[in-house]
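# Observations on the three-dimensional arrangement
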Amino acid sequence: MDGVRTGAAAGRARGRSSRESEAGAGWACAQIGEFAGLRPDDQGFSWLDAGTLWRSRNEILAGMLGDPSGEVRARWVEAQRARGVDPEFRIRPPVGDTFDFLLLGDTGEGDASQYAVVPPMLKVGAGTAFAVIASDVIYPTGSGNEYGAKFFRPYQDYDAPIYAIPGNHDWYDGLGGFMRVFCDAPPLKPKPDRGLLRRLLWRKPETIDEARLAEARALRGRPSQQAVQPGPYWAIETAALLVVGVDTGIKNVIDKGQTAWLRGVSRDPRPKILVTGKPIYVDNAYKPSELEEGGTIDDIVRDPAHRYVAAIGGDVHNYQRYPVKVGDRVIQYVVSGGGGAFMHATHTIDRVDVAGVHEDDFRCYPLRGDSLSFYSQLYAQRLRMRWLCLQPDEAACITARQVGNEPVRTPEGPVEITARMRWAARLLGTWPWPLRLPVGKANHRFLSELSDWDRPPFFKSFLHASVTPRELTLRCHAATGCLAQELQPPVEDEVRISLS
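For the structure given in this document, a descriptive report is provided here. (Residues numbered from 1 in each chain as written. Predicted model: local features only at pLDDT ≥ 70, side-chain atom pairs only at ≥ 80, totals over all residues. Heavy atoms only, no water.)

### A look at the sheet that holds strand β2 (residues 99-105)
With mixed pairing, the 6 strands of this open sheet are ordered in space as β4-β3-β2-β16-β17-β18. The open sheet has two edge strands with one neighbour each: β4 (162-165) and β18 (491-498). Averaged over neighbouring strand pairs, the angle between their axes works out to 20° when direction is ignored. By the bridge criterion, 5 bridges tie β2 to strand β3 (residues 130-134) in an arrangement that is parallel. (Pairing = 2+ DSSP bridges. Helix = DSSP H or I, 4+ residues; strand = E, 2+ residues; numbered from the N terminus. Axes fitted to C-alpha atoms, helices over the stretch in contact; angles between N-to-C directions.)

### Some thoughts on a nonpolar patch on the surface
The grouping of Trp54, Ile60, Met64, Leu65, Leu196, Leu197, Leu200 and Leu201 at the surface amounts to a nonpolar patch, some 850 Å² of accessible area in total. Broken down by secondary-structure element, the contributors of at least two residues to the nonpolar patch are α4 (58-65) and α11 (196-201). A total of 4 residues in the nonpolar patch trace back to one element, the largest contributor, which is α11. Relative to the helices and strands, Leu196 resides in helix α11. (Patch = residues over 30% accessible without salt bridge, like charges linked within 9 Å, V, L, I, M, F, W, Y side chains within 5 Å. Areas by Shrake-Rupley, 256 points an atom, 1.4 Å probe, with all protein chains shown as cover. Salt bridge = Lys/Arg side-chain N within 4 Å of Asp/Glu carboxyl O.)

### Some words on empty space enclosed by the protein
A complete count under the given rule lists 3 cavities of 30 Å³ or more for this structure. Considering only enclosed or pocket space, the second largest cavity measures out at about 50 Å³ in volume. In terms of lining, the second largest cavity is formed by 11 residues, of which the most central are His347, Ile349, Asp350, Gln402 and Thr430. Top element by residues in the lining of the second largest cavity is helix α16 (residues 392-403). It accounts for 3 residues. (1 Å grid on protein atoms, 1.4 Å probe; cavity = no way out; pocket = protein on both sides within 12 Å on 5 of 7 lines; lining within 4 Å. Points joined across faces, edges and corners; volume = space filled by probe spheres on them.)

### A word on the packing of helix α15 (residues 368-382) against α16
At their nearest, the axes of α15 and α16 sit 7 Å apart, and the two run at 125° to each other. Comparing their axes, α16 and α15 come out oblique. Relative to α16, α15 is oriented so that their crossing is right-handed. Only Pro392, Ala395, Ala396, Ile398, Thr399 and Val403 of α16 make contact with α15, whose side of the interface consists of Arg368, Gly369, Asp370, Leu372, Ser373 and Gln377. Among the residues forming the contact of α15 with α16, the class breakdown is 6 nonpolar, 4 polar and 2 charged. (Parallel < 35°, antiparallel > 145°, perpendicular 65-115°, else oblique. Left-handed = near helix turned anticlockwise from the far one by under 90°. Contact = heavy atoms within 4.5 Å. Nonpolar A, V, L, I, M, F, W, Y, C, P; charged D, E, K, R; others polar.)

In structure tokens form, the structure reads like this:
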């Protein structure tokens, strides 16, 4: 779970993870990390800004008027094929059968929480063959004019190629910025929107300032950093493994063309990791991407002939792992969206039982208790309600009681759960309300989005993958924003997956 006192083996050996100590979680931040010196300015990012919300209106309009992602994606793919890209949308990096790579999800707010990930990422990522960004490269709308501060500058010292799959926010620009940066694609020819309301309200792609973009590109101008991917979806082909990236658009539907491509790639006999813009399992729920032709993407993943060993999705801004038994094998379903944007709460996740996964086998970061403690402190300060504040050990005991396990991190002393603590937990979506009133989680539904902050601990995370012919090892590393965790990035979870 977030759960029992097992923790990652690497976390126990090093003694620095949040599973071992409050200091490892970043609560005792003696010195803020050096990430602050990397930022071009101290400007923050907030979803409370009316202009930001208006620029992001295509999410709402796609639900009301229909999601055009599939149609527009087909046009991008057709244009790319006409340009002569690899017809199978394969990427073939110069790696052997043993290599490492990084994976980050939901990175691009351009604020302190994104830049706090950079120093530990560079330390852990030294010598890796490439990195993958899974979902939402640029907030709020994927504009090609914002890649300087939100992509090229933060990752200018990562000395390897970076590939990406788009998230819903990258699609608010019609994928224009994403395709220009990652595929070196010219803009699509304008096509009139269907319907009067869409023509009036739909946010159109921004015109890219090419001189500004060229200046930004120069920040990652070394030959070792160069990469051009064939389209918004692709397969990274290596001797030991395929990494299959899928574009889920705005509303999480896979169009027929991409589905046909995915089925073809999946027939390759090598083991595979699926990387998507939306996770299949998240928050103790099953939410696979729908296929336009019927069925879901998980139908393809679960087919034993396709040999998927893991499915990793962004979009939700934390880390979760669900080991799901499928026939005689286990597929690791992972949420990895903690690469930079605001933190989605984990303390609202119920005791895990989805797909037969036992709570003790579930992992998340931040731990439920740390999530609850942070939000309680944040809102106690904002609302000037001191009674709302829960210390980390108090929050750990409350969340453990609620899911029915012992705290992951043993409190230093006895903790008595009081009425004040229970009411604080109720207001923040963890403790049940009297008479089973269904209001607890509704209270916290949008608190994550409204609660971006620019001070440690940030509870950010990223994945390091080690590949050999026989085994894939996934490690979740934490980024707190504190100097101690910059110097020795903690391992919050580790799983070894057989590729034999």
